[in-house]
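Now for the letters of each chain:
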Amino acid sequence: MDIQALVRSMTLEEKAGLCSGDDFWHTKAVERLGVPRSMVSDGPHGLRKQDEKVDHLGVNDSIKAVCFPAACATAASFDRALVTSLGEALGDECQHEGVSVVLGPAVNIKRSPLCGRNFEYFSEDPYLAGEMACAHIHGVQSRNVGTSIKHFAANNQEHRRMSSSSDADERTLREIYFPAFEAAVKREQPWTVMCSYNRINGVYASENKWLLTDVLRNEWGFKGYVMSDWGAVADRVKGVQAGLDLEMPASGGINDRRIVEAVKNGQLDEKLVDQCCERILNIVYRFLENARPDTPWDKEAQHALAADIAADCIVLLKNEDALLPLGKQDEIAFIGEFAASPRFQGGGSSHINCFKITGALDAAKAAGLSVRYAQGYSVKDDAATDEMIAEAVAAARACKAAVVFAGLPDSYESEGYDRTNMKMPACQERLIEAVAAANPNTVVVLHNGSPVEMPWIGKAKAVLESYLGGQAVGLAQVRVLFGDVNPSGHLAESFPLKLQDNPSYLYFGGEKNVTEYREGVFVGYRYYDKKEMDVLFPFGHGLSYTTFEYSNLRLNVEKASMAPGDKVEAKVTVTNTGKRFGKAVVQVYVGARACDPIRPVRELKAFEKVALQPGESKEVSFTLDQRAFAMWNEQIHDWYVPAGQYVIEAGDSSRNLPLRAEITLADPRPLPRHFDMNSIFMDLMADEKARAVIRPFLEESRRMFAGEEEQEQSEAAKEAVSDEMGDAMMNYMPMRSLASFGSGESVVRKLEELLHKINEE
Ligand code: BGC
């Protein structure tokens, strides 16, 4: 299809019309020219295709589909291939259903545990979020179905989500809030990008030219179309100028008319409208030309896949006395309503209408296990009666071990609003305490989209975090509880001891329509590690039923130049030293040793999930490129590796890194430099050229000074200021100060001469 010719044959009105949706889920047709409508649908962890009553808040039903684990869970797998398999399944469903683009993945950073939509997002870490996004997109798009990576950008709270401005400095955006989008765009070319509702430093994402054109297209090379989040358009004409191709869902024709008027009165260049149409039609035809409606959709097979994925996402947070796995021959108490009806997905636009749900109770019974159930609490009433607690305690007493299925009910976290605290329902906390008092072998299995405080942690011997594990979560839980699957998930976020510890705590939510990201790059473990704070569970943490040993971290060089394109190779050996098959997550962190500039202690820069038989060893290789060491330099508006020593650590969590190596690096590119009379000596002396120019002058002045002083300075004065102290004070003095201490005009002239020499290119 010659898309450019097609656009040339369209009228201005037809082109303007194509720039917004036909209805909630379709782009417009141009019947005169035979251009069909094209359907997009929500995801990202299942297909939410609506046939009849439409909405974007999860209110009305969609077709029966398969709900896979949400991103909060899949990120914990640290398994790219697993996430790709989810994407492939989703792509097949879309082909079967004629859906051209599935709206996701959602990759916003978890700035605070409070964000209502954290369950849909991957991580507090931009590298991990980017890797997971790439894996997801790769899977979906391998089926010739598009993705829409969202919500671009800095959409980290639900509070005032359609009006709030996320105010962050350039470095913070580049180092924390952009990289997941950047990696996905550069490596996987998502067919579409969805811009967010919020403003960024005052400008709506939907009309932010810097974001949608300068960064996304010109820098990263994005080739698809940008669509708005549903209702995110404030000024459509500004949007077209900024690079927003498609407004969704629709504006009832109002904005189409505005585009026409703006072109006619010369305010808007028609070429920009043509460009939007070309980009949209490219994708419409890309799908059409590769449509495979005969693709089978075997829902039962996908239910089984959802269980396999969920099992590899579950994180074993704690396992005292190796209580887990439980014995299959023992009678076990399953306590809590979530055992019978699990919470396995979040609320809002990603809500899937499941064709089937398997909770742990059903899964255990089907597996022939001996379980005794007690409801424990009522989700609907968010309460536990004394009778419920008594029944739970009796069950716990009667059994070998008790498993409490707990977590957050739907209303506690959802799209559209944020949580106000990190607490679990009080009734569930009470239940856990009572059960643990009745049976010391108590396990807690959690269902939640974001961290919770655990005041009861000392009382439960084992804790499994199953997040929102999709419709087959019960199967996965039972396999892990009874040892058919060895847990291998690791936390994609830190669990602080309490909400107040979180770095965004003081500013989260902001004031009126402004949220300042004052913690800057110190998000999640970047903050807890810098402050050496205790956390409940650190980023990257996850136990196993076997043990792993990490050894032999080797770098291919000790010293290297680090310009864009340069690389360092690291190798790590991991051995399964236990008696069971298991999967280790080898994590590699990089940190700059110097504290100038101010940087995190360590940042995740590589990882690999490795399957190992008992006794087996594998050597894993990692490539650390320039970006692994670089920080965003606001002077040159580019990535730059400050010269110095870098520490590379490897292990199985951000707080368990037994291996360590150092490397000296320097970026060969000179940074722009300029000194003036206010420049201080410390900075001048740190610059090679300035030092060469200024040192002879300083020495001469010092000699002159010392000559006079020898006679004048009393012993007491000499003792008061030692030479070292004098030097230290000198460090912070500006050039101009020499003139004020010295002899006027001639010194000023001399200093100006020196500055001129120093600043010469
Ligand atoms: C959400 C998007 C979603 C869209 C369509 C919006 O409210 O923010 O994530 O894709 O609705 O349902």
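Conventions used here
- Residues numbered from 1 in each chain as written.
- Predicted model: local features only at pLDDT ≥ 70, side-chain atom pairs only at ≥ 80, totals over all residues.
- Heavy atoms only, no water.
- Helix = DSSP H or I, 4+ residues; strand = E, 2+ residues; numbered from the N terminus.
- Rg over C-alpha atoms; globule rule 2.2 N^0.38 Å.
- Buried < 20%, exposed > 50% of the residue type's maximum accessible area, 1.4 Å probe, protein only.
- Areas by Shrake-Rupley, 256 points an atom, 1.4 Å probe, with all protein chains shown as cover.
- Lys, Arg positive; Asp, Glu negative; His and termini not counted.
- Charge placed at Lys NZ, Arg CZ, Asp CG, Glu CD.
- Salt bridge = Lys/Arg side-chain N within 4 Å of Asp/Glu carboxyl O.
- Contact = heavy atoms within 4.5 Å.
- Near = heavy atom within 4 Å.
- Polar contact = N/O pair within 3.5 Å; in protein donor to acceptor, adjacent residues only side chain to side chain.
- Nonpolar A, V, L, I, M, F, W, Y, C, P; charged D, E, K, R; others polar.
- Pairing = 2+ DSSP bridges.
- Axes fitted to C-alpha atoms, helices over the stretch in contact; angles between N-to-C directions.
- Expected span 1.5 Å × (residues − 1).
- Arc of directions from axis to C-beta.
- Phe/Tyr/Trp six-rings, centres within 6.5 Å; stacked < 30°, edge-to-face > 60°.
- Parallel < 35°, antiparallel > 145°, perpendicular 65-115°, else oblique.
- Left-handed = near helix turned anticlockwise from the far one by under 90°.
- Core = buried A, V, L, I, M, F, W, Y, C linked by side-chain atoms within 4.5 Å.

Colleague: Mind showing me how you'd approach the overall build of the protein chain here?
Modeller: Secondary structure summary: the protein chain contains 25 helices and 25 strands in total. Taking 2.2 N^0.38 as the reference for a compact globule, 761 residues should give roughly 27 Å; the C-alpha atoms of the protein chain span a radius of gyration of 30 Å, in line with that estimate. Within the protein chain, the fraction of its 761 residues that count as buried is 60%. Surface accessibility of the protein chain: about 29800 Å² in total, with carbon and sulfur atoms responsible for 50%. Computing the positive centroid from 84 side-chain charges and the negative centroid from 110, the protein chain places the two 2 Å apart.

Colleague: Help me out: how do you make sense of the side chain of Arg199 in this one?
Modeller: Here Arg199 lies in strand S6 (residues 199-200). Buried charge Arg199 goes without a salt bridge, the closest partner of opposite sign being Asp167 at 7.2 Å. Ignoring any residue separated from it by four or fewer positions in sequence, one finds Arg199 in contact with Ser163, Ser164, Ser165, Ser166, Tyr204, Ala205 and Asn513.

Colleague: I tried to follow the site of the ligand on my own but got confused; where do I start?
Modeller: Taken together, the neighbourhood of the ligand is formed by 14 residues, with Asp42, Arg117, His151, Tyr197 and Asp229 sitting nearest. Separating an oxygen atom of the ligand from a side-chain N or O atom of His151 is a distance of 2.8 Å. In this structure, an oxygen atom belonging to the ligand sits 2.9 Å away from a side-chain N or O atom of Tyr197. Protein coverage of the free-state accessible area of the ligand, which is 310 Å², stands at 100%. Tallied by class, residues from the shell around the ligand come to 5 nonpolar, 3 polar and 6 charged.

Colleague: Before we go on, may I ask you to explain the sheet that holds strand S8 (residues 225-228) in this structure?
Modeller: Backbone-to-backbone hydrogen bonds join strands into a sheet, with any given pair of strands oriented parallel or antiparallel. Read across the sheet, 5 strands follow the order S1-S2-S3-S5-S8 without closing on themselves; strand pairing throughout is parallel. Each edge of the open sheet is held by one strand with a lone partner, namely strand S1 (40-42) and S8. Averaged over neighbouring strand pairs, the angle between their axes works out to 30 degrees when direction is ignored. Two strands pair when backbone bridges link them, and strand S2 (residues 101-103) and strand S3 (residues 146-152) are joined in this way by 2 bridges, in the parallel orientation. Directly across from Val102, in S3, lies its bridge partner Thr147.

Colleague: Help me out: how do you make sense of the environment of Glu300 in this one?
Modeller: Summarising the element assignment, Glu300 is placed in helix H12 (residues 299-311). Residue class for Glu300 comes out partly exposed when judged on its relative accessible area of 43%. In the structure, Glu300 is positioned 86 residues away from Asp386 in sequence and 40 Å away in space, judged by C-alpha atoms. Once residues lying within four places of it in the same chain are set aside, the contact partners of Glu300 are Phe355 and Lys356.

Colleague: Is there a simple way to think about the side chain of Ser378 in this case?
Modeller: Tracing the chain through its elements places Ser378 in the loop between strand S11 (371-374) and helix H15 (386-398). A polar atom in the side chain of Ser378 sits 3.4 Å from the backbone nitrogen of Lys380. For Ser378, the side chain forms a polar contact with the main-chain nitrogen of Asp381, separated by 3.0 Å. Leave out the neighbours within four places in its chain, and Ser378 touches Glu337, Ala383 and Met388.

Colleague: Would you explain the pattern of salt bridges in this entry?
Modeller: Two side chains with opposite charge may pair up if their charged atoms get near one another. Scanning the model with the defined rule gives 57 salt bridges in all. As a salt-bridge pair, Arg80 and Glu131 come within 2.9 Å of each other at their nearest N and O atoms. Here Glu131 lies in helix H5 (residues 126-141) and Arg80 lies in helix H4 (residues 80-97), a separation of 51 residues in the sequence. With relative accessibility at 6%, the residue Glu131 sits in the buried group. What you see here is one network of salt bridges that share partners, running through Arg117, Glu120, Glu158, Arg161 and Glu415.

Colleague: Would you mind showing me how to read helix H25 (residues 745-759) here?
Modeller: In an α-helix, one turn spans 3.6 residues, which is why side chains three or four residues apart end up on the same side. Between its first and last C-alpha atoms H25 spans 21 Å; for 15 residues at 1.5 Å apiece the expected length is 21 Å, and the two agree. Listed as buried for H25 are Val747, Leu751, Leu754, Leu755, Ile758 and Asn759. Take H25 and look down its axis: the buried residues cluster within an arc of 125 degrees, on one side only. Exposed side chains of H25 directed beyond 90 degrees from the buried face belong to Glu745, Arg749, Glu753 and His756.

Colleague: Got a minute to help me understand the environment of Lys512 in this structure?
Modeller: Note that Lys512 resides in the loop between helix H17 (473-481) and strand S15 (514-516). Among the residues examined, Lys512 registers a relative accessible area of 64% and is labelled exposed. Considering only alpha carbons, one finds Lys512 and Phe222, 290 residues apart in sequence, at a separation of 34 Å.

Colleague: Which parts of the structure should I look at to understand the packing of aromatic side chains?
Modeller: One pair of aromatic rings is described through two measures. These are the centre distance and the angle between the planes. Under the criterion given, the structure shown has 19 aromatic pairs. Relative to Trp220, the ring of Phe178 has its centre 5.9 Å away and its plane inclined at 85 degrees; by these criteria the two rings are edge-to-face. On the criterion of sequence distance, the pair formed by Phe178 in the loop between helix H6 (170-177) and helix H7 (179-188) and Trp220 in the loop between helix H8 (209-219) and S8 is long-range, its members being 42 residues apart. We note that Phe178, like Trp220, is buried. Judged by centre distance (4.5 Å) and plane angle (25 degrees), the rings of Tyr525 and Phe539 are stacked.

Colleague: How should the packing of H4 against H12 be read in this particular structure?
Modeller: Packed helix pairs are specified by the crossing angle of their axes together with the interaxial distance, meaning the distance between the axes. The interhelical angle for the contact between H4 and H12, taken along N-to-C directions, is 160 degrees, at an axis separation of 10 Å. Of the possible angle classes, the one that applies to H4 and H12 is roughly antiparallel. Where H4 crosses over H12, the handedness of that crossing is left-handed. Across the interface between the two elements, Leu82, Ser85, Leu86, Ala89 and Glu93 from H4 touch Gln302, Leu305 and Ile309 from H12. Tallied by class, the residues present in the contact of H4 with H12 amount to 5 nonpolar, 2 polar and 1 charged.

Colleague: What exactly am I supposed to notice about the packing of H15 against helix H16 (residues 426-438) here?
Modeller: Where H15 contacts H16, the axes come no closer than 8 Å and their chain directions differ by 30 degrees. For the element pair H15 and H16, the recorded crossing hand is right-handed. Contacts between H15 and H16 pair Asp386, Ile389, Ala392, Val393, Ala396 and Arg397 from the former with Arg430, Leu431, Ala434, Val435 and Ala438 from the latter.

Colleague: Can you help me understand the environment of Arg397 in this one?
Modeller: Summarising the element assignment, Arg397 is placed in helix H15. For Arg397, a relative accessible area of 61% translates into the label exposed. Once the C-alpha coordinates of Arg397 and Val435 are considered, the two residues, 38 residues apart in sequence, prove to be 8.3 Å apart.

Colleague: Got a minute to help me understand the nonpolar core in this structure?
Modeller: Side chains that are nonpolar tend, in soluble globular proteins, to be buried together. Counting 138 residues, the largest nonpolar core has Met227, Phe334, Met454, Trp456 and Leu481 as the members making the most contacts within it. The dominant element in this core, judged by the number of residues it contributes, is helix H11 (residues 270-289), at 9 residues. Leaving out residues up to four positions away in the same chain, Met454 has contacts with Leu317, Leu446, Phe495, Leu536 and Phe537. Listed in part, the 53 residues of the second largest apolar core include Ala133, Ala184, Val185 and Tyr525.

Colleague: Looking at this model, I keep getting lost on the sheet that holds strand S17 (residues 559-561). Mind explaining?
Modeller: If you trace the 5 strands from one edge of the open sheet to the other, you get S17-S25-S24-S19-S20, paired in mixed fashion. What marks the edges here is a single partner per strand, and that holds for S17 and strand S20 (603-612). Taking the axes of each pair of neighbouring strands and ignoring which way they run, one obtains an average angle of 25 degrees across the sheet.

Colleague: Whenever I open this one, the pairing of strand S19 (residues 582-592) confuses me. Can you help?
Modeller: The two faces of a sheet get side chains in turn, since along a regular strand they alternate between them. With 10 of its 11 residues buried, S19 lies for the most part within the structure. Bridging between S19 and S20 involves 9 bridges; their strand directions are antiparallel. Note that in S20 the partner of Gly582 across the bridge is Leu612. Examined bridge by bridge, S19 and strand S24 (residues 644-651) share 6 bridges and lie antiparallel to one another. Within the sheet, the bridge partner assigned to Ala592 lies in S24 and is Tyr646.

Remember that the coordinates give geometry; whether it matters functionally is a separate question.
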